[in-house]
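Report on the structure
This is what each chain is made of:
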Amino acid sequence: MGRIVVGITGASGAIYADRLLTHLKDLGQETHLVLTEMGKKVCAYEGFPDTAAKADRVYDNKDFFAPISSGSYLHQGMVVIPCSMGTLGKIAHGIGDSLLTRAADVCLKEKRKLIIVPRETPMSALHLQNQKVLADYGSVIVPASPSFYHKPATIEDLVDTVLARVLDQLGLENHQVGKRWREP
Ligand SMILES: Cc1cc2nc3c(=O)[nH]c(=O)nc-3n(C[C@H](O)[C@H](O)[C@H](O)COP(=O)(O)O)c2cc1C
């Protein structure tokens, strides 16, 4: 069993986080969740008030004594999903002023997988620059930008086109989420 850290911020797209937690559970992963205050509010507003209950452990975003605050606590990677431009900017500049941004900063310093799923449109040059900074420092940017070539029939199918790439990036390539191009 692997251990995956999930961070939820106040960007639109709570369904991405909610379904990711479901998929990780189905794949036998232990999930450690931290939500920002706006993450909690936007989850509830978008119809996912119970997302946190899907995680194995949930931390207070002010709790710097939590295990994921330390590099000595081992895990297989962190996904920030959906990632607001505010949190993205903080992570890009090493501002670990909350448990979420600290845990992401730990991933960068420990060279662990840090997957950012940004959501904003349009993006300013500053938003794009911050993503370039993160990519240069080793994080993987997986935009909340679904694909349509598999002809998704439902919103869940559409969301899964992004989550399949997130799971691939976590090294969980055996997942059955979504379809692979030109594979039966
Ligand atoms: C309904 C709603 C949707 C939002 N969607 C986005 C978004 O897609 N991207 C974004 O960067 N901010 C979005 N925001 C604004 C963020 O919630 C706000 O910038 C907040 O400070 C982010 O804080 P956090 O990064 O600590 O969660 C949204 C706010 C609301 C109320």
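The residue numbers shown here count from 1 along each chain, following its written sequence. A pLDDT threshold of at least 70 governs which residues receive local features in this predicted model, and a stricter bar of 80 or more applies before side-chain atom pairs are shown or counted, although totals over entire chains, interfaces and linings include all residues. Computation of side-chain values covers all heavy atoms of the structure but excludes hydrogens and water.

1. Things to note about the side chain of Thr101
As for its placement among the helices and strands, Thr101 is situated in helix H4 (residues 99-109). On the accessibility criterion, Thr101 (3% relative accessible area) is buried. Here Ser98 takes part through its side chain, which lies 3.1 Å from a polar atom of the side chain of Thr101. Excluding residues that lie within four positions of it along the chain, Thr101 makes contacts with Thr87, Lys90, Ile91, Ile95 and Gly96. Going along the chain from the N terminus, every DSSP run of H or I of four or more residues is numbered as a helix, and every run of E of two or more is numbered as a strand. For each residue, the accessible area found with a 1.4 Å probe, counting protein chains only, is set against the maximum for its type, and the residue is called buried under 20%, exposed over 50%, and partly exposed in between. Whenever two N or O atoms come within 3.5 Å, that pair is a polar contact, provided that in protein one can donate a hydrogen and the other can accept it, and provided that, for residues adjacent in sequence, both atoms are side-chain atoms. The contact rule is simple, with two residues in contact once any of their heavy atoms fall within 4.5 Å.

2. A look at the pairing of strand S2 (residues 30-35)
Among the six residues in S2, five count as buried, and that is most of the element. Any two strands with at least two DSSP-identified bridges between them are counted as paired. Looking at chain direction, strand S1 (residues 3-8) and S2 are connected through six bridges and run parallel. Within S2, the position partnered with Ile4 by the bridge is Thr31. Looking down the strands as they point away from the viewer, one classifies a crossover as right-handed if the path from the first strand across the helix to the second runs clockwise. Traced from S1 through helix H1 (residues 14-26) to S2, the parallel crossover comes out right-handed.

3. With respect to the site of the ligand
Every residue close to the ligand is listed here: Thr9, Gly10, Ala11, Ser12, Thr36, Met38, Val42, Ser84, Met85, Thr87, Arg119 and Glu120. In this structure, an oxygen atom belonging to the ligand sits 2.7 Å away from a main-chain N or O atom of Gly10. Met85 is positioned with one of its backbone polar atoms (N or O) 2.8 Å from an oxygen atom of the ligand. A 1.4 Å probe and the Shrake-Rupley method give the accessible areas. Residues count as covered only by the protein chains that appear here. Here the ligand has 630 Å² of accessible area as a free molecule, and 64% of this is covered by the chains. Sorting the residues of the shell around the ligand by element identifies helix H2 (37-45) and helix H3 (85-92) as the ones contributing at least two each. Nearness of a residue to a molecule or strand requires only that one of the residue's heavy atoms be within 4 Å of it.

4. So, the nonpolar core
We call a set of buried Ala, Val, Leu, Ile, Met, Phe, Trp, Tyr and Cys residues a nonpolar core when their side-chain atoms join them within 4.5 Å. Val6, Leu20, Val79, Ile81 and Val117 are the most contacted members of the largest nonpolar core, which totals 29 residues. Of all elements in the fold, only S1, H1, S2, strand S4 (77-83), strand S5 (114-118) and helix H6 (155-169) reach the threshold of two or more residues within this core. The element that contributes the greatest number of residues to this core is H1, accounting for seven residues. Leaving out residues up to four positions away in the same chain, Val6 has contacts with Leu20, Leu21, Leu24, His32, Leu33, Val34, Val79 and Ile81.

5. Brief notes about the environment of Ala103
One can find Ala103 in helix H4. Separated by 101 residues in the primary sequence, Ala103 and Gly2 have C-alpha atoms spaced 17 Å apart. Setting aside residues up to four positions removed in sequence, Ala103 forms contacts with Ile68 and Met78.

6. What to know about the pairing of S1
Counting buried positions along S1 gives five out of six residues, so the element sits mostly inside the fold. Of the strand pairs in this sheet, S1 and S4 are connected by four bridges, and their pairing is parallel. Residue Val6 lies in a different strand from S4, and its bridge partner there is Val79.

7. Let's talk about the sheet that holds strand S3 (residues 57-59)
By definition, the strands of a sheet pair up through backbone hydrogen bonds, in either a parallel or an antiparallel sense. A sheet is described by the order of its strands in space; here six strands give the open sequence S3-S2-S1-S4-S5-S6, paired in parallel fashion. Here the strands that pair on one side only, and so sit at the sheet edges, are S3 and strand S6 (140-141). Bridge count between S4 and S5: four bridges; the pairing is parallel. Within S5, the position partnered with Val79 by the bridge is Ile115. Relative to S4, H1 is tilted by about 150°, and along the sheet it contacts S1, S2 and S4. Every angle, taken between N-to-C directions, lies between 0 and 180 degrees, and every axis is a line fitted to C-alpha atoms, over only the stretch in contact when it is a helix.

8. Quick notes on unusual backbone geometry
Residues Ile81 and Pro82 are joined by a peptide bond in cis, for which omega reads -15°. The backbone of Lys111 sits at a positive phi, close to 60°, despite the residue not being glycine. Tracing the sequence through the fold places Lys111 in the loop between H4 and S5. In this structure Lys111 comes out as exposed when scored by relative accessible area, which is 73%.

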